[in-house]
Number of protein chains: 2
Amino acid sequence: MARVYNFSAGPAVLPEEVLAEAASEMLDYRGSGMSVMEMSHRSKPFGEIIENAEADLRELVGIPENYRVLFLQGGASQQFAAVPMNLMRNRVADYIITGAWAKKAFKEAKIYGDARVIASSEDETFSYIPDCSDLDVSPDADYVYICENNTIYGTKFHTLPNTKGKDLVADVSSCFLSEPVDITKYGVMYGGAQKNIGPAGVVISIIREDLITDDVLEGTPTMLKWKTQADANSLYNTPPAYGIYICGKVFKWLKDQGGLEAMQKRNQEKAALLYDFLDASKLFRGTVRKADRSLMNVPFVTGDADLDAAFVAEAKAAGLENLKGHRSVGGMRASIYNAMPRAGVEALVAFMDKFEQAHS
Amino acid sequence: MARVYNFSAGPAVLPEEVLAEAASEMLDYRGSGMSVMEMSHRSKPFGEIIENAEADLRELVGIPENYRVLFLQGGASQQFAAVPMNLMRNRVADYIITGAWAKKAFKEAKIYGDARVIASSEDETFSYIPDCSDLDVSPDADYVYICENNTIYGTKFHTLPNTKGKDLVADVSSCFLSEPVDITKYGVMYGGAQKNIGPAGVVISIIREDLITDDVLEGTPTMLKWKTQADANSLYNTPPAYGIYICGKVFKWLKDQGGLEAMQKRNQEKAALLYDFLDASKLFRGTVRKADRSLMNVPFVTGDADLDAAFVAEAKAAGLENLKGHRSVGGMRASIYNAMPRAGVEALVAFMDKFEQAHS
Ligand SMILES: Cc1ncc(COP(=O)(O)O)c(C=O)c1O
Ligand SMILES: Cc1ncc(COP(=O)(O)O)c(C=O)c1O
Ligand SMILES: [Mg+2]
Ligand SMILES: [Mg+2]
Ligand SMILES: [Mg+2]
Ligand SMILES: [Mg+2]
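Rules used throughout
Residues numbered from 1 in each chain as written. Chains lettered and ligands numbered in written order. Predicted model: local features only at pLDDT ≥ 70, side-chain atom pairs only at ≥ 80, totals over all residues. Heavy atoms only, no water. Helix = DSSP H or I, 4+ residues; strand = E, 2+ residues; numbered from the N terminus. Rg over C-alpha atoms; globule rule 2.2 N^0.38 Å. Buried < 20%, exposed > 50% of the residue type's maximum accessible area, 1.4 Å probe, protein only. Contact = heavy atoms within 4.5 Å. Salt bridge = Lys/Arg side-chain N within 4 Å of Asp/Glu carboxyl O. Expected span 1.5 Å × (residues − 1). Least-squares fit on C-alpha atoms with pLDDT ≥ 70 in both. Axes fitted to C-alpha atoms, helices over the stretch in contact; angles between N-to-C directions. Parallel < 35°, antiparallel > 145°, perpendicular 65-115°, else oblique. Left-handed = near helix turned anticlockwise from the far one by under 90°. Nonpolar A, V, L, I, M, F, W, Y, C, P; charged D, E, K, R; others polar. Phe/Tyr/Trp six-rings, centres within 6.5 Å; stacked < 30°, edge-to-face > 60°. Near = heavy atom within 4 Å. Polar contact = N/O pair within 3.5 Å; in protein donor to acceptor, adjacent residues only side chain to side chain. Areas by Shrake-Rupley, 256 points an atom, 1.4 Å probe, with all protein chains shown as cover. UniProt positions renumbered as here; feature names shortened; annotations may be inferred. Pairing = 2+ DSSP bridges. Domains from an automatic or database assignment. Buried area = accessible area lost by both parts, 1.4 Å probe.

Just checking my understanding: could you explain the overall build of chain A for this structure?
Looking only at helices and strands, chain A has nine helices and 14 strands in total. The C-alpha radius of gyration computed for chain A amounts to 21 Å, which stays within 12% of the reference 21 Å derived for 360 residues, consistent with globular compactness. With the principal axes as the frame, chain A shows a C-alpha extent of 65 × 60 × 30 Å. For chain A, the proportion of its 360 residues judged to be buried stands at 65%. Put simply, of all contacts in chain A between residues at least 6 apart along the chain, 67% involve residues at least 24 apart.

Right, dumping it as C-alpha cells:
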C-alpha cells in the first residue's frame, strides 16, 4: 500500500487514521456483528453515532443551542434551492458573486424570486473578494448570500460582509472546520462534507432555529424543507449513514489534533509554505490578490499552458496527485485541506523548486 | 469478529465478500494510492467505477437502451417529490395505496396536483394487494403509481396493475434486483439502495428516456429535475461516490451468484422455508394474504404482544438481529434480502421452532 499526496479539491484527502479505523470496523462495528452500512438508522448504535457526531461538531465549533445541525443529502447544489425555498419570504435575496459556486447558487435562487447581485468580482476572473463593507443591501432582502471560500478561484472572505442586519447565508463547503468561526454571525452556514469533513453524499447545514419554519415557499418538497429534518433530528428518512459515521470520525480526529485553533495554525503554516514559495518563484505565480488568498485552495500558473501540463504530469508521476486546475480556469491548483499533512505541502514545494530549476 | 444474522428492513445486510473487499481497498484503491472516498468524481478511476456499475446493472436487469439509469441522492423520499415534479404535465396522477410508503408518495404528489387514490388495501391494514386488473384509471393521468413491495406490511405486487396505457411508476426499494423484471413495463422504476443493493445515500432511478425532459413543473429544483443528472451521466454535482462504489460491488456479486434468475430461485427457497414454517406453526402466523406475500419482508405475530417482545429479545441474544416489526405495526418482521444467506433463514426457523416448543 503506497498512499499518494492527493491535492484534489473534492472529494479530497481524509486522515489516514480515520480510513484505517473504518476499514478495521467494516465487517463488525465494535461487536455489533455488522457494518455501519448494514445498520438500521433507528438502531441504538447508529443513534449513538449520529448523536456523537453532532455533539463533537458542536463542541469543535462552539455551536450555541439556538442553532440546529442538520445532516442532509443532495450536496451543496441542493442547498442552492433549499436556501431560497426555506428563506425567501419576501422573495428577495442579495447575492455576492465571487466565483462559479456563488453564481450557481444565485441562478438557482432566481427560480424562486428576485435574487440580486450586490457585489461581484467577475470583472477580474474572480481573483479577489470585493469590498463588502458598505453594500447596497436590499431593504427587503430575506438574506445576504456568500460563498465564503471559493474552491475554484482560491479566494476567501477574511472579513464577512456587512449585511446591514440581514441574515448571512454562507456556503462553507471548502473551508468548513479549517479555522475557528463565530456561528452567531451567520443565519445559515452549510457545506458539502467531501472537502474538509468526510465523503461525498453528506451536507451539513447549521441553521439558526428561528429560520427553520413551516413558512416555506409553496411547492417545496418535504425533503428540502429544513423543518422536516430538524423535527426528526436528521432521521426523517434514511440518512447517508456511512458518510455521517466517517464525518464523526473526522470530528474526533480534529479534537485529537487540538481543535479548530490548532487546525488554523497548521493550515496557516502549510499555506505559507506554498504562498511564500510562489511569491519568491520566477516560474510560478499565484493567481489571487494576496489579501484574499484561501488557506485551502491555492491556484497557480506558470503562464505557459504546455509547461503547466508538463508540471501536472510530472508531479503525478512523483506521487503528487490532482494538481490540475479546475477545467474552467486551467493552470494548477493545490487543495490543502485539514487532512493534507504538512509533509505533503513540503513535498509539493520541493517538487516545484526542482521543476523550476529544470526549466530555467 | 462475529457476524450476526441481520434481518433489518433497511439499511440491511450486505454480502460479506463485498464488505471484505471494500475494507481491503479502503486506504489504497487498486494502486491509486487513495481511498474511493478521497477520489475526485471527475477522476479516471471513479469514472470507471460508475460506468462499470451502470453497465453491470444494465446487464443484470436487461435494461434497454431507451432507458436511462440515474444514481441520485435524497432517498426514495425525495423521489416522492421528483416523480410528480418531472411527470405531472396534466397535474393528474393515480396512486394505488398498499402501505405507508405509497401513502407518503401520494401525499407528496398532492402538493403538486390532483393525485387520486384508485385502489387501496388500507381497509385491512394493508395485508393484501387489491385487484388492479380493471381500475378506474383517470383518462388524463400522467402516470399510475405503485409501491411494488411493501416493506412494512410484507406484500408484493405479483402482477402489475393494468394501467390502461398510462406509464407505470414503481418504488421498488425493497425488491430491487430480487428477481428478473421486464423494465419495458415501467415508465419509471426507482428505489433506495439501502435494502437490496448497497448503503443508504444512493437512489437508483431507471427512467424511460422520453420521460426525461425540460418540461417539468415550475419551481422544480435543478437537482430534482431528472434531466439535470441524465445530461451529466449522474455527475452534475458530486455524487454519493462511495455508495455507488459499493453498489457496483454488489452488482458484480449478483453476477457471480448467477444473476437475477438465480437470485429469484434462492429467494423463493429462503422465503418458502419461513412461510412453510409459519403456516405449520401453532404459535406464529404470517399477517399477509398468501397470494400477495413478499419474498423480501416477512411479517409475523404470535398474537400476544408480550410473547412477541420476548421472542425478539431472545432472538437477539441468539444472534438473530432486528426482528422487531415496524413501529407502526408491531409483531415481528424478518427481512430476507438477497444478501441474507439461506443459513440465516434456517437459523431463524430453527430458533422459532425452539421458541414455540418452549412456549407450548
Ligand atoms: C464552494 C462549493 N460550493 C458548492 C459546491 C457543489 O457541491 P456539490 O457537488 O456537493 O453539490 C462545491 C463543489 O465543489 C464547492 O466547492
Ligand atoms: C418501499 C419504500 N419506499 C420508500 C422508503 C423510504 O426510503 P428513504 O428512507 O430512502 O427515503 C422506504 C424505506 O424504508 C421503503 O421501504
Ligand atoms: Mg469557486
Ligand atoms: Mg512568483
Ligand atoms: Mg409499506
Ligand atoms: Mg401458523
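Honestly, the pattern of salt bridges in this entry has me stumped. Any pointers?
Opposite charge on two side chains permits pairing when their charged atoms draw close. Residue and element names in this part refer to chain A. Applying the stated criterion across every chain yields a total of 58 salt bridges over all chains. Between Asp231 and Lys227 there is a salt bridge; the shortest N-O distance is 3.0 Å. With Asp231 and Lys227 both in helix H5 (residues 226-231), this residue pair falls four residues apart, about one helical turn. Overlapping salt bridges, with partners in common, bring together Glu21, Glu25, Arg30 and Lys249 in one network.

Explain helix H6 (residues 241-256) of chain B here, please?
Along an α-helix, a turn takes 3.6 residues, which lines up residues three or four apart on a common side. Residues and elements named next belong to chain B. With 16 residues, H6 ought to run about 22 Å at 1.5 Å a step, and its terminal C-alpha atoms sit 23 Å apart, in line with that. Most of H6 is tucked away, with 13 of its 16 residues classed as buried. Positive phi appears at Gly258, one or two residues downstream of H6, with a value of about 110°.

Sorry if this is basic, but what is going on with the relation of the copies chain B and chain A here?
Mapping between the two chain copies consists of a rotation about an axis together with a translation along that axis. It takes a turn of 180° to lay chain B on chain A, together with a shift of 0.0 Å along the axis; the resulting RMSD is 0.0 Å. What the rotation and shift describe, once combined, is the action of a two-fold rotation axis. Judged by C-alpha distance, Ala23 of chain B is the residue of chain B that lies nearest the rotation axis, at 2.3 Å.

Looking at this structure, how should I read the packing of helix H1 (residues 16-24) of chain A against helix H6 (residues 241-256) of chain A?
For any two helices packed against each other, one specifies the inter-axial angle together with the distance between the axes. Residue and element names in this part refer to chain A. Across the interface, H1 lies against H6 with an axial gap of 10 Å and an inter-helix angle of 135°. As summarised for this structure, H1 and H6 are arranged oblique, according to the angle between their axes. Judged by the twist between their axes, the crossing of H1 over H6 is right-handed. Contact residues: Glu17, Val18, Glu21 and Ala22 in H1; Tyr242, Tyr245, Ile246, Lys249, Val250 and Trp253 in H6. The class makeup of the residues in the contact of H1 with H6 is seven nonpolar, no polar and three charged.

Where do I start with the packing of aromatic side chains in this structure?
Any two aromatic rings considered together are summarised by their centre-to-centre distance and by the angle between their planes. Overall, the coordinates contain 29 aromatic pairs over all chains when judged by the stated rule. For the pair Phe277 of chain B and Phe284 of chain B, a centre-to-centre distance of 6.3 Å together with 50° between the ring planes defines the contact as tilted. Each of the two residues, Phe277 of chain B as well as Phe284 of chain B, counts as buried. Through a chain of ring-to-ring contacts, three or more aromatic side chains come together here, namely Tyr29, Tyr242 and Tyr245 of chain A together with Tyr29, Tyr242 and Tyr245 of chain B.

It is not clear to me how the site of ligand 2 should be interpreted in this structure. Could you clarify?
Among the 14 residues in the neighbourhood of ligand 2, the closest are listed as Thr238 of chain A together with Ser77, Thr151, Asp171 and Lys195 of chain B. Per-site note: the chains with residues close to ligand 2 are chains A and B. Asn237 of chain A places a side-chain nitrogen or oxygen 2.7 Å from an oxygen atom of ligand 2. Here an oxygen atom of ligand 2 and a side-chain polar atom of Lys195 of chain B are 2.6 Å apart. When the free accessible area of ligand 2 is taken as 400 Å², the share hidden by the protein chains comes to 96%. If you tally residues by element for the shell around ligand 2, the top one is helix H3 (residues 75-87) of chain B, at four residues.

Would you mind showing me how to read the UniProt feature "modified residue: N6-(pyridoxal phosphate)lysine" (unreviewed entry) in chain A here?
All names here are of chain A. In this structure's numbering, the residues bearing the UniProt feature "modified residue: N6-(pyridoxal phosphate)lysine" (unreviewed entry) are Lys195. Following the sequence through the fold, Lys195 ends up in the loop between strand E9 (188-192) and strand E10 (203-208). With residues near it in sequence (within four places) discarded, Lys195 still touches Ala9, Gly10, Ala12, Val13, Thr151, Ser173, Ser174 and Tyr337.

What am I meant to see in the UniProt feature "domain: Aminotransferase class V" (unreviewed entry) in chain A here?
The positions UniProt marks with the feature "domain: Aminotransferase class V" (unreviewed entry) are residues 4-348 of chain A. As annotated, residues 4-348 of chain A comprises 33% helix and 17% strand, and the C-alpha atoms at either end are separated by 12 Å.

What am I meant to see in the site of ligand 1 here?
Ser77, Thr151, Asp171 and Lys195 of chain A together with Thr238 of chain B are the nearest of the 14 residues found near ligand 1. At the site occupied by ligand 1, nearby residues are drawn from chains A and B. Within the contact set of ligand 1, an oxygen atom lies 2.9 Å away from a side-chain nitrogen or oxygen of Gln194 of chain A. Between ligand 1 and Thr238 of chain B, the relevant distance is 2.5 Å, taken from an oxygen atom to a side-chain nitrogen or oxygen of the residue. Burial of ligand 1 by the protein amounts to 96% of the accessible area it has alone, namely 400 Å². The biggest single contributor to the shell around ligand 1 is helix H3 (residues 75-87) of chain A, with four residues.

Help me understand the sheet that holds strand E11 (residues 285-286) of chain B in this model?
Hydrogen bonds along the backbone pair up the strands of a sheet, which may run parallel or antiparallel. All names here are of chain B. On the basis of which strands lie adjacent, the open sheet formed by three strands has the order E11-E12-E14 and antiparallel pairing. In the strand order of this sheet, the two ends are held by E11 and strand E14 (332-335), each with one partner. Where strand E12 (residues 297-301) lies against E14, four bridges are found, and the strand directions are antiparallel. Counterpart to Pro299 in the pairing with E14 is Arg333.

I'm lost on the sheet that holds strand E11 (residues 285-286) of chain A in this one. Help?
All names here are of chain A. Pairing within the open sheet is antiparallel, and its three strands lie in the order E11-E12-E14. Of all the strands in the sheet, the pair left with one neighbour each is E11 and strand E14 (332-335). Bridge count for E11 against strand E12 (residues 297-301) is two bridges, and the pairing is antiparallel. Its bridge partner being in E12, Arg285 is matched across the sheet by Val301. Sheet contacts for helix H7 (residues 259-280): E11, E12 and E14; angle to E12, the most-contacted strand, approximately 20°.

Please clarify how the domain arrangement of chain A should be interpreted in this entry.
Much of the literature gives interface size as the accessible area that the parts lose upon coming together. All names here are of chain A. Domain annotation of chain A identifies domain 1 (16-256) and domain 2 (257-358). The straight-line distance from the C-alpha centre of domain 1 to that of domain 2 is 26 Å. Counting from both sides, the interface comprises 26 residues of domain 1 and, opposite them, 28 residues of domain 2. Buried surface at the junction of domain 1 and domain 2, both sides included, amounts to about 2300 Å², of which 55% is carbon and sulfur.

Got a minute to help me understand the environment of Met85 of chain B in this structure?
With respect to the element layout, Met85 of chain B can be found in helix H3. Residue classification places Met85 of chain B among the buried positions, given a relative accessible area of 2%. Distance from Met85 of chain B to Trp226 of chain B, taken between C-alpha atoms, is 9.5 Å for residues 141 residues apart in sequence. Not counting residues up to four positions away in its chain, the partners in contact with Met85 of chain B are Gly219 and Pro221 of chain A together with Tyr112, Val216, Leu217, Gly219, Thr220, Pro221 and Leu224 of chain B.

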